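Listed below, chain by chain, are the residues.
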Amino acid sequence: MATPVTQPDNSAEPQTELKRVIGPGLLLLFIVGDILGTGIYALTGQVAAEVGGVVWLPFLIAFGVALLTACSYLELVTKYPKAAGAALYTHKAFGVHFITFLVAFTVMSSGVTSASTASRSFAANFTTVTGFDFGAFGVTGVAIAFIAAIALINFRGVGESVKMNVVLTVVELTGLLIIIGIGFWAIGNGQGDVSRVWTFEPAGDHGVIWSVVAATTLAFFAMVGFEDSVNMAEECKQPSRIFPKVLLGGLAITGVIYVLVAISAITLVPAAELGEGETPLLKVVAAGAPNFPIGVFGIITMFAVANSALINMMMASRLIYGMSREGVLPPALGKVHKGRQTPYIAIIFTSLIAIGLIAFAGGVPALGGTTALLLLGVFTIVNVAVLVLRKDKVAHKHFRTPTILPIIGAVSCFFLVGPWTGRDLVQYSIAGVLLFIGVLLWLATVGFMRMQEKAA
């Protein structure tokens, strides 16, 4: 599809204040762990409710759209191996401060929103597993305490955070492999109904095509996460060399796992039943292996969503740090702790936003859909930016994607943003509020910088 070219000597690697501690193995686990998590554990049932037995199809389409955009990210991250990700690429391509800031804020918001959703899911699973009834306020309190714990891990350093990610990724991957194993074991023993895998059951009067489109907008939330890795570029060893094979490999692994999980789930549990509630995979375990301790799988689910929260908060803080270093945000947000060498002000800032979302925003479907909506908009811009930046030559060689891929990527991402997809309107409301806050912050940032210029 796309061919990476010969890479430069390590001596040409850009200097950074952040520690380069992430090798190909840790990066692969980071990517796989970021993509796996809240989406597949919580949204499989909702996807099934839209399309019926072909629940695997929207995940497969979402994988294809993500792969197109991933190729654009690969060209840009190997060309500009810095922490700011999409915002940096937008800044270099268009040079408009407002657009750069808004993209940075959108990506940061999507990460924090995703982490906040995962935190609420963690708290809900915690109350279920422990049997304690904390009430609505109690769940919120547990979620806030959980985000505070994530912030402390993040503050200790990327090495500690990525090591924690390794443990959590192994746990969440084990949970999905259990689902796949239960499903295929049951199929081998004549349980379930394999014919459901090929059965369309469109939701309402949408028809087959638009039901698949609506389901794909949900399934896309389960595929996002690969873009977070580019914000760790300054902490990777030889990023221009390792990113292409690691990112594409991570996407392929997660795509296969998702399709197998979807097939296992729909074989054992009918679509209508799978679409009820927020714990679809627990129903699969109960149907295929009734003697398996459900509480254990509930704990695995908690670890899975915990991993999503950790990685998204790592991404958000590094993005804020990177944009501060680029002069788009106030310098204070780019401060690095002398002892831990972590962007501690950015960590505090993003954690406070997450707490606000946990306390006042909606649940998994609304926030998960909003996360995908925001990122699809960003992906559209990134796919255009990679074409614009072809005229910008750099000293080192890098990955180059075929021109047709970012064109198809931009069109498909833009299509999935629109209301014609059947997306819940509340997602546009949440996104609108977040972008309005972004505009206010941009105005405050411009005013702050002007005050600094006058003082100088």
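Residues numbered from 1 in each chain as written. Predicted model: local features only at pLDDT ≥ 70, side-chain atom pairs only at ≥ 80, totals over all residues. Heavy atoms only, no water.

K.L.:
An account of the overall build of the protein is requested, with residue identities and associated values reported.
P.N.:
Counting secondary structure elements, the protein contains 16 helices and 0 strands. In the protein, which comprises 456 residues, the proportion classed as buried is 57%. By sequence separation, contacts in the protein at least 24 residues apart represent 84% of the contacts at least 6 residues apart. Accessible surface for the protein amounts to roughly 17,500 Å². Of this, 69% is attributable to carbon and sulfur atoms. (Helix = DSSP H or I, 4+ residues; strand = E, 2+ residues; numbered from the N terminus. Buried < 20%, exposed > 50% of the residue type's maximum accessible area, 1.4 Å probe, protein only. Contact = heavy atoms within 4.5 Å. Areas by Shrake-Rupley, 256 points an atom, 1.4 Å probe, with all protein chains shown as cover.)

K.L.:
Outline a nonpolar patch on the surface, supporting the account with residue identities and numerical values.
P.N.:
The grouping of Phe200, Val208, Ile209, Trp210, Phe414, Phe415 and Trp420 at the surface amounts to a nonpolar patch, some 720 Å² of accessible area in total. Among the secondary structure elements, those contributing two or more residues to the nonpolar patch are helix H8 (207-223) and helix H15 (404-417). In terms of residues, the nonpolar patch owes the most to one element, H8, which gives 3 residues. The topology assignment puts tryptophan 210 in helix H8. Overall, the relative accessible area of 39% leaves tryptophan 210 in the partly exposed class. (Patch = residues over 30% accessible without salt bridge, like charges linked within 9 Å, V, L, I, M, F, W, Y side chains within 5 Å. Salt bridge = Lys/Arg side-chain N within 4 Å of Asp/Glu carboxyl O.)

K.L.:
I'd love a proper account of the packing of aromatic side chains, names of residues and values included.
P.N.:
Tallied over the full model, the rule gives 11 aromatic pairs. Considering the side-chain rings of tryptophan 56 and tryptophan 198, the 5.7 Å spacing of their centres and the 75° angle between planes classify their relative orientation as edge-to-face. With tryptophan 56 in helix H3 (residues 56-79) and tryptophan 198 in the loop between helix H7 (158-188) and H8, the pair connects residues that are 142 residues apart, well separated along the chain. Classification of tryptophan 56 by relative accessible area gives buried; the value is 16%. Here the aromatic rings of phenylalanine 122 and phenylalanine 146 are separated by 4.3 Å at their centres, their planes lie at 15°, and the arrangement is stacked. Of the two residues, phenylalanine 122 sits in helix H5 (residues 97-130) while phenylalanine 146 sits in helix H6 (residues 135-156), which places them 24 residues apart along the sequence. Just as phenylalanine 122 is buried, phenylalanine 146 falls in that class too. (Phe/Tyr/Trp six-rings, centres within 6.5 Å; stacked < 30°, edge-to-face > 60°.)

By themselves, these figures tell us nothing about what the structure is for.
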